[in-house]
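In case you want the letters, here they are:
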Amino acid sequence: MADAKRLVAGVDTSTQSCKVVVVDAASGAVVRSGRATHPDGTEVDPAAWWSALEEAAAEAGGLDDVEAVGVGGQQHGMVCLDAAGDVVRPALLWNDTRSAAAAADLTAELGAETWAREVGLVPVASFTVSKLRWLAEHEPDAAARTEAVCLPHDWLTWRLSGSGSLEDLATDRGDASGTGYWSAVTGDYRPDLLRRALGRDALVPRVLGPAEVARRTPGGALLAPGTGDNAAAALGLGAEPGDVVVSIGTSGVASAVSEVAATDPTGIVAGFADATGRYLPLVCTLNAARVLDATARLLGVTLDELSSLALSAPAGAAGAVLVPYLEGERTPNLPDATGSLHGLTLATMTPAHVARAAVEGMLCGLADAVDALVAEGAAVRRVLLVGGGAASEAVREIAPVVFGHPVSVPPPDEYVARGAARQAAWVLSEAAEPPAWPLPGLTTYAASDAALATGREIRARYAEAAARG
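A. Quick peek at the overall build of the protein chain. Per the secondary structure count, the protein chain includes 15 helices and 24 strands. Based on the C-alpha atoms only, the size of the protein chain along its principal axes is roughly 70 × 65 × 40 Å. Here the protein chain holds 469 residues, and the buried ones make up 56% of them. Sequence-distant contacts, at least 24 apart, represent 71% of the contacts inside the protein chain between residues at least 6 apart. If you sum the accessible surface of the protein chain, you get close to 18,000 Å²; carbon and sulfur atoms cover 53% of it. Measuring between centres, the 34 positive side-chain charges of the protein chain sit 1 Å from its 57 negative side-chain charges.

B. Seen up close, helix 9 (residues 229-237). Among the 9 residues of helix 9, 7 are classified as buried, and the element is accordingly described as predominantly covered. Looking one or two residues beyond helix 9, the residue adopting positive phi is glycine 238, at roughly 70°.

C. Up close: the sheet that holds strand 17 (residues 252-256). Pairing within the open sheet is mixed, and its 7 strands lie in the order 18-19-17-16-22-23-24. Taken across any chain shown, the strands that pair with only one partner, and hence form the sheet edges, are strand 18 (270-273) and strand 24 (443-445). Strand after strand, the sheet turns through a mean of 25° between neighbouring axes, direction not considered. When strand 16 (residues 243-248) meets strand 22 (residues 382-386), the two strands line up parallel, connected through 5 bridges. Bridge pairing in strand 22 places valine 244 opposite valine 383.

D. Geometry of the nonpolar core. If you look at the biggest cluster of nonpolar residues, it comprises 51 residues, and the most contacted ones within it are Val246, Ile248, Leu363, Leu385 and Phe403. The element best represented in this core is helix 12 (residues 351-375), accounting for 13 residues. Apart from residues lying up to four places away in sequence, leucine 363 is in contact with Ile248, Val395, Ile398, Ala399, Val402 and Phe403. Leu92, Val149, Leu193 and Ala275 belong to the second largest nonpolar core, which has 40 residues in total.

E. The arrangement of the pattern of salt bridges in detail. Per the stated rule, a full pass over the model turns up 26 salt bridges. Here glutamate 259 makes a salt bridge to arginine 278, at a shortest N to O gap of 3.3 Å. Taken together, the positions of glutamate 259 in the loop between strand 17 and strand 18 and arginine 278 in the loop between strand 18 and strand 19 (279-285) put the pair 19 residues apart, joining distant regions of the chain. Classification of glutamate 259 as exposed rests on a relative accessible area of 53%. Put simply, Glu43, Arg89, Asp96, Arg98 and Glu139 are held in one network by salt bridges that share partners.

F. How the structure looks around the packing of helix 9 against helix 14 (residues 415-429). Orientation of helix 9 relative to helix 14, taken along the N-to-C sense of each, is 75°, at an axis distance of 7 Å. It follows that helix 9 is roughly perpendicular to helix 14 by the angle criterion. Contacts between helix 9 and helix 14 involve Asp229, Ala232, Ala233, Leu235, Gly236 and Leu237 from the former and Tyr415, Val416, Arg418, Gly419, Ala420, Arg422 and Gln423 from the latter. Considering only residue class, the contact of helix 9 with helix 14 consists of 7 nonpolar, 3 polar and 3 charged.

G. Region of interest: the side chain of asparagine 287. Following the sequence through the fold, asparagine 287 ends up in the loop between strand 19 and helix 10 (289-299). Of the residues examined, asparagine 287 reaches a relative accessible area of 5% and is grouped as buried. Of the polar contacts made by the side chain of asparagine 287, one reaches the backbone nitrogen of leucine 326; its length is 3.0 Å. Among the polar contacts listed, one links the side chain of asparagine 287 to the side chain of glutamate 329, at a separation of 2.8 Å. Excluding residues within four positions of it along the chain, asparagine 287 makes contact with Pro324, Tyr325, Leu326, Glu327, Gly328, Glu329 and Met362.

H. Molecular detail of the pairing of strand 5 (residues 66-73). In terms of burial, strand 5 is largely enclosed, as 7 of its 8 residues are buried. Bridge analysis of strand 1 (residues 7-13) against strand 5 gives 7 bridges, and the strand direction is parallel. When the sheet's bridge partners are listed, threonine 13 is paired in strand 5 with glycine 73. Where strand 5 and strand 14 (residues 222-223) come together, 2 bridges link them in parallel fashion. The partner of valine 69 across the bridge, within strand 14, is leucine 223.

I. Fine view of the side chain of aspartate 12. Take aspartate 12: it is sitting in strand 1. For aspartate 12, a relative accessible area of 6% translates into the label buried. In this view, aspartate 12 contacts Ser17, Cys18, Lys19, Gly72, Glu414, Val416 and Ala417; residues no more than four positions away in its chain are not counted.

J. Representation of the packing of aromatic side chains. What the rule picks out here adds up to 2 aromatic pairs. Ring centres of tryptophan 49 and tryptophan 155 lie 6.4 Å apart, and the angle between their planes is 70°; this geometry places the pair in the edge-to-face category. Highlighted residues: tryptophan 49 in helix 1 (residues 46-59) and tryptophan 155 in helix 6 (residues 152-161), separated in sequence by 106 residues. The same class applies to tryptophan 49 and to tryptophan 155, which are both buried. Geometrically, the ring pair formed by tyrosine 181 and tyrosine 189 is stacked, given 6.3 Å between the ring centres and 25° between the ring planes.

Rules and cut-offs
Residues numbered from 1 in each chain as written. Predicted model: local features only at pLDDT ≥ 70, side-chain atom pairs only at ≥ 80, totals over all residues. Heavy atoms only, no water. Helix = DSSP H or I, 4+ residues; strand = E, 2+ residues; numbered from the N terminus. Buried < 20%, exposed > 50% of the residue type's maximum accessible area, 1.4 Å probe, protein only. Contact = heavy atoms within 4.5 Å. Areas by Shrake-Rupley, 256 points an atom, 1.4 Å probe, with all protein chains shown as cover. Lys, Arg positive; Asp, Glu negative; His and termini not counted. Charge placed at Lys NZ, Arg CZ, Asp CG, Glu CD. Pairing = 2+ DSSP bridges. Axes fitted to C-alpha atoms, helices over the stretch in contact; angles between N-to-C directions. Core = buried A, V, L, I, M, F, W, Y, C linked by side-chain atoms within 4.5 Å. Salt bridge = Lys/Arg side-chain N within 4 Å of Asp/Glu carboxyl O. Parallel < 35°, antiparallel > 145°, perpendicular 65-115°, else oblique. Nonpolar A, V, L, I, M, F, W, Y, C, P; charged D, E, K, R; others polar. Polar contact = N/O pair within 3.5 Å; in protein donor to acceptor, adjacent residues only side chain to side chain. Phe/Tyr/Trp six-rings, centres within 6.5 Å; stacked < 30°, edge-to-face > 60°.

Nothing here speaks to function; it is all geometry.
Below, the structure written as structure tokens:
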């Protein structure tokens with residue numbers, strides 16, 4: 001008689017929803033899954049996350065038969081708790097920008113180079129440290145009641161434990177590294193920076209090792225330390241040093257599993273840690289899949305038709321270049337920039353050439369992000385391409401030409417939840433390394449030497465056009 005499967009669960013508590021996957025701990029094969037939505041908005045009562053987790057877990061058949069649970073969560077969200085463990089105010093999410101001025105003040109007080117050197121980050125509105133400064137300035141009564149500060153995944157892991165003690169709050173390196181008051185370089189909190197933001201001391205979660213047990217659920221399942229969504233996705237993809245994950249969603253994200261911590265004073269590269277004990281330097285661009293959406297709308301075609309049009313035009317679009325700063329840009333830091341189309345002639349003023357220029361322009365912006373990672377010490381062996389934009393065949397075929405590296409495209413999946421489940425399986429196994437789950441259906445695209453030379457020309461024309469504005 002075959003041995004029964006040992007099951008683990010992974011949770012992805014994202015901005016929009018909660019996903020739960022129950023998987024075979026040995027193989028990573030999904031046994032069942034569930035999903036529930038989160039409220040809209042940039043501030044949310046954490047109770048909504050707990051309700052969504054309960055709903056998603058129920059849809060996934062419950063968690064009574066799982067032996068370990070891991071939680072991957074949206075990064076940076078500010079969850080403030082009082083002495084009784086109650087939520088002080090709705091959590092401010094990563095995409096809440098009201099703390100932009102607070103971030104600028106914090107940066108000015110110590111200088112960007114100091115922040116980068118001390119914690120690997122330069123404050124922006126997204127980071128928890130900036131939100132705490134905003135809280136101290138605008139809601140001093142709430143700040144005064146705050147006894148503990150944690151992140152969305154920390155809070156859910158704590159709730160899953162059933163503990164009411166703030167001392168049992170726990171987190172991991174990956175999520176802690178996005179707060180602005182924990183250093184991936186030293187592995188220590190910077191309470192002085194937290195005090196600078198909040199105006200007082202507050203308890204923060206213990207930072208656990210990658211496979212250290214946080215606690216147990218009331219039912220006896222082990223609780224993994226959990227991690228932030230980007231680190232969980234990298235773990236779910238099985239990314240290793242030399243891998244760069246490029247996600248083409250609403251925004252574009254390039255992150256690299258690296259042996260070297262990033263300390264970029266420009267703030268372009270965020271010096272995050274990963275979920276394995278290494279580092280995960282990360283760059284975010286504002287213009288990604290929406291560039292494709294906007295171009296398809298302009299040309300009156302579907303996304304599939306846009307892809308076909310782009311592939312029907314010559315590489316380099318015969319000199320047509322789209323600089324796709326349609327929503328300003330973060331990399332480079334040009335918040336007020338607008339998009340521009342260069343090199344139009346009678347020959348290139350066609351739907352096919354414009355479609356090709358849009359795909360190449362979007363990818364050039366992401367290639368700049370990859371270059372920024374390399375400048376901070378990341379090595380690039382291959383690019384793992386994920387997100388909605390990766391469904392485009394034109395994006396898949398053109399990406400290795402522009403990036404200058406082979407590109408592998410995994411099938412669509414819930415990689416954050418998968419990564420959280422893989423961490424849970426790692427905790428369960430008590431092994432030195434996470435389980436080696438296969439990544440089936442990986443399709444790899446590579447470019448010839450001639451195509452790579454063309455790609456360098458495309459990048460050069462793009463850089464010239466971007467400099468002109």
